[in-house]
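Per-entry structural report
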Amino acid sequence: VQLQASGGGLVQAGGSLRLSCTASERTFSNYLMGWFRQAPGKGREFVATISRSGGSTSYLDSAKGRFTISRDNAKSTVYLQMNSLKPEDTAVYYCAAKFTTSYYYIVEGDYEYGYWGQGTQVTVSS
């Protein structure tokens, strides 16, 4: 499956962005999805994940209450709504997909995901 992420940009602290990730796969609903990020000089970090059905989600602690992951299986797209952005959220954000037969399974480990998008830059100015 090919993933295309978009929606990044430059925003002031306290602002919002919505990232989108569209999959080429018609059977998008067979994949659980995740968002990860990598800041300069740091390793890749889990941000959020959502199950095939959308019924299960999980977030990085610092993202809870500010970020919301959602999906539209009819559009083969997963979203990450990011509110109250902080300079420490600055990173390249990647979407990822993992095939699963479970409707409610979610995964936080990046090594579990087999498919990755190209990344979209998010820069939050103070």
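First, a word on what this report is: a plain description of the structure on this page. In this text the structure is predicted, and so the values were computed from the model without any measurement. (Residues numbered from 1 in each chain as written. Predicted model: local features only at pLDDT ≥ 70, side-chain atom pairs only at ≥ 80, totals over all residues. Heavy atoms only, no water.)

Let's shift gears to the overall build of the chain. The number of helices and strands found in the chain is zero helices and eleven strands. The N-to-C order of helical and strand elements in the chain reads β-β-β-β-β-β-β-β-β-β-β. The globule rule puts the C-alpha radius of gyration for 126 residues at 14 Å, and the 13 Å found for the chain is close to it. Its C-alpha atoms put the chain at 45 × 25 × 25 Å along the principal axes. By the burial criterion, 47% of the 126 residues in the chain qualify as buried. (Helix = DSSP H or I, 4+ residues; strand = E, 2+ residues; numbered from the N terminus. Rg over C-alpha atoms; globule rule 2.2 N^0.38 Å. Buried < 20%, exposed > 50% of the residue type's maximum accessible area, 1.4 Å probe, protein only.)

For the rest of this paragraph, the subject is the nonpolar core. Ranked by size, the top nonpolar core spans 30 residues in total, and within it Met33, Trp35, Leu80, Met82 and Tyr93 carry the most contacts. Counting residues per element, the ones that place at least two in this core are β1 (3-6), β3 (17-23), β4 (31-38), β5 (44-50), β7 (67-72), β8 (77-82), β9 (91-99) and β11 (120-125). Residues contacting leucine 80, with those up to four places away along its chain left out, are Leu17, Arg18, Leu19, Trp35, Val47, Ala48, Phe67, Thr68, Ile69 and Tyr93. (Core = buried A, V, L, I, M, F, W, Y, C linked by side-chain atoms within 4.5 Å. Contact = heavy atoms within 4.5 Å.)

Let's shift gears to the packing of aromatic side chains. Inspection of every chain in the model, using the stated rule, returns six aromatic pairs. Through pairs of rings, three or more aromatic residues link up here, namely Phe36, Phe46, Tyr113 and Trp116. Cation over ring: arginine 44 sits above tryptophan 116, and NZ or CZ is 3.8 Å from the ring centre. (Phe/Tyr/Trp six-rings, centres within 6.5 Å; stacked < 30°, edge-to-face > 60°. Lys NZ or Arg CZ within 6 Å of the ring centre and 35° of its normal.)

Once that is clear, we can look at unusual backbone geometry. Phi angles above zero are rare outside glycine, and serine 76 is one such case at about 55°. Considering the arrangement of structural elements, one finds serine 76 in the loop between β7 and β8. Overall, the relative accessible area of 11% leaves serine 76 in the buried class.

Read across the sheet, four strands follow the order β1-β3-β8-β7 without closing on themselves; strand pairing throughout is antiparallel. Each edge of the open sheet is held by one strand with a lone partner, namely β1 and β7. When the angles between neighbouring strand axes are averaged without regard to direction, this sheet yields 15°. In terms of strand pairing, β1 meets β3 through four bridges, oriented antiparallel. The residue bridging alanine 5 from the neighbouring strand is cysteine 21, located in β3. (Pairing = 2+ DSSP bridges. Axes fitted to C-alpha atoms, helices over the stretch in contact; angles between N-to-C directions.)

Here we come to the environment of alanine 63. The residue alanine 63 is located in the loop between β6 (57-59) and β7 in this model. Here the alpha-carbon distance between alanine 63 and alanine 74, two residues eleven residues apart in the chain, equals 26 Å.

We now examine the pairing of β3. The element β3 is largely enclosed, with a buried count of five among its seven residues. By the bridge criterion, six bridges tie β3 to β8 in an arrangement that is antiparallel. Bridge pairing links cysteine 21 to valine 78 in β8.

Among the six residues in β8, five count as buried, and that is most of the element. In this structure, β7 lies alongside β8, joined through six bridges in antiparallel fashion. By the bridge assignment for β8, aspartate 72 is matched with threonine 77. Linking two consecutive strands that pair antiparallel, namely β7 and β8, is a turn of four residues; a positive phi of about 55° is found at serine 76 within it.

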